[in-house]
Amino acid sequence: MIKVSDTAKKKVIELMQEDGYNPASDYVRVGVKSGGCSGLSYDLKFDKENHEGDKVFVDNDVKIIVDKKSFLYLIGTTLEYSGGLNGTGFVFNNPNANRTCGCGESFSL
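The structure contained in this document is the topic of the report that follows. None of the values given here were measured: they were computed from a predicted structure. (Residues numbered from 1 in each chain as written. Predicted model: local features only at pLDDT ≥ 70, side-chain atom pairs only at ≥ 80, totals over all residues. Heavy atoms only, no water.)

1. Side note on the pattern of salt bridges
Note the threshold: When a carboxyl oxygen of Asp or Glu is within 4 Å of a side-chain nitrogen of Lys or Arg, the pair counts as a salt bridge. The helix count covers DSSP runs of H or I at least four residues long, the strand count covers runs of E at least two residues long, and both are numbered beginning at the N terminus. Burial status follows relative accessibility: with a 1.4 Å probe on protein chains alone, a residue under 20% of its type maximum counts as buried, one over 50% as exposed, and anything between as partly exposed.
Scanning all chains against the criterion turns up five salt bridges. The closest approach of N and O atoms between aspartate 26 and lysine 48, which form a salt bridge, is 3.3 Å. Separated by 22 residues along the polypeptide, aspartate 26 in the loop between α1 (6-18) and β2 (27-34) and lysine 48 in the loop between β3 (40-47) and β4 (55-59) bring together distant segments of the chain. Across the pair arginine 29 and aspartate 47 runs a salt bridge whose closest N-O atoms are separated by 2.8 Å. Placement of arginine 29 in strand β2 and of aspartate 47 in strand β3 is noted, with a sequence separation of 18 residues between them. Of the residues examined, aspartate 47 reaches a relative accessible area of 15% and is grouped as buried.

2. Quick notes on the pairing of β4
Within a regular strand, the side chains alternate between the two sheet faces. To keep things clear, this is the line we draw: Paired strands, in this sense, are two strands between which DSSP finds at least two bridges.
Pairing analysis gives five bridges linking β4 to strand β5 (residues 62-66), with the strands arranged antiparallel. Looking at the pairing, lysine 55 lines up with valine 66 of β5. In textbook terms, the turn of a hairpin is the stretch between consecutive antiparallel strands, and for β4 and β5 this stretch comprises two residues, one of which, asparagine 60, has a positive phi near 55°.

3. Digging into the environment of leucine 40
Inspection of the secondary structure assignment puts leucine 40 in strand β3. Separated by 33 residues in sequence, leucine 40 and tyrosine 73 place their C-alpha atoms 9.6 Å apart.

4. Quick look at the side chain of asparagine 94
Stated formally: In protein, a polar contact requires one atom able to donate a hydrogen and another able to accept it; more generally it is a pair of N or O atoms within 3.5 Å, and residues adjacent in sequence count only if both atoms are side-chain atoms.
Here asparagine 94 is to be found in the loop between β7 (87-93) and β8 (99-100). With a relative accessible area of 10%, asparagine 94 lands in the buried category. Among the polar contacts listed, one links the side chain of asparagine 94 to the side chain of tyrosine 42, at a separation of 3.2 Å.

5. Section: the packing of aromatic side chains
Each aromatic ring pair is described using two quantities: the centre-to-centre distance and the angle formed by the ring planes. Put simply, the rule is: Here is the rule: rings of Phe, Tyr and Trp (six-membered ring for Trp) pair when centre to centre is within 6.5 Å. Planes less than 30 degrees apart are stacked, more than 60 are edge-to-face, and the remainder are tilted. A ring is scored as having a charge over it whenever the NZ atom of a lysine or the CZ atom of an arginine sits within 6 Å of its centre and within 35 degrees of its normal.
Enumeration according to the criterion identifies four aromatic pairs in this entry. With centroids separated by 5.5 Å and ring planes inclined at 55°, the aromatic side chains of tyrosine 21 and phenylalanine 46 adopt a geometry described as tilted. With tyrosine 21 in the loop between α1 and β2 and phenylalanine 46 in strand β3, this residue pair connects regions lying 25 residues apart in the sequence. Relative accessible area serves as the criterion here: at 24%, tyrosine 21 is assigned to the partly exposed category. On the accessibility criterion, phenylalanine 46 (18% relative accessible area) is buried. Between tyrosine 81 and phenylalanine 90 the ring centres are 5.1 Å apart and the planes differ by 70°, which places this aromatic pair in the edge-to-face class. Of the residues examined, phenylalanine 90 reaches a relative accessible area of 23% and is grouped as partly exposed. Above the ring of phenylalanine 71, the side-chain terminus of lysine 55 is found at 5.2 Å from the ring centroid.

Written out as structure tokens, the structure reads:
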């Protein structure tokens, strides 16, 4: 399961509406791909449909889709949003990551 913090929920809803997505029916697709300075990087985008094999979660009124391959890397992750002085953007708090890079956008197991 992936959790969504209150600050991330507000930002997700705002960005979905700006991009023409409906937060009540559309999804946030979260995935993992090869790359980044630590070996794996997070992928976050909006999607209107789920595909066969996708895992679907709802947390804090946000619908999240994770593909089967990425699911094992993301179990227990919390999606947060930081708007502070150290930078703005979504942050993944992933308990499975052994090492993360300084920017927080990539990790390794």
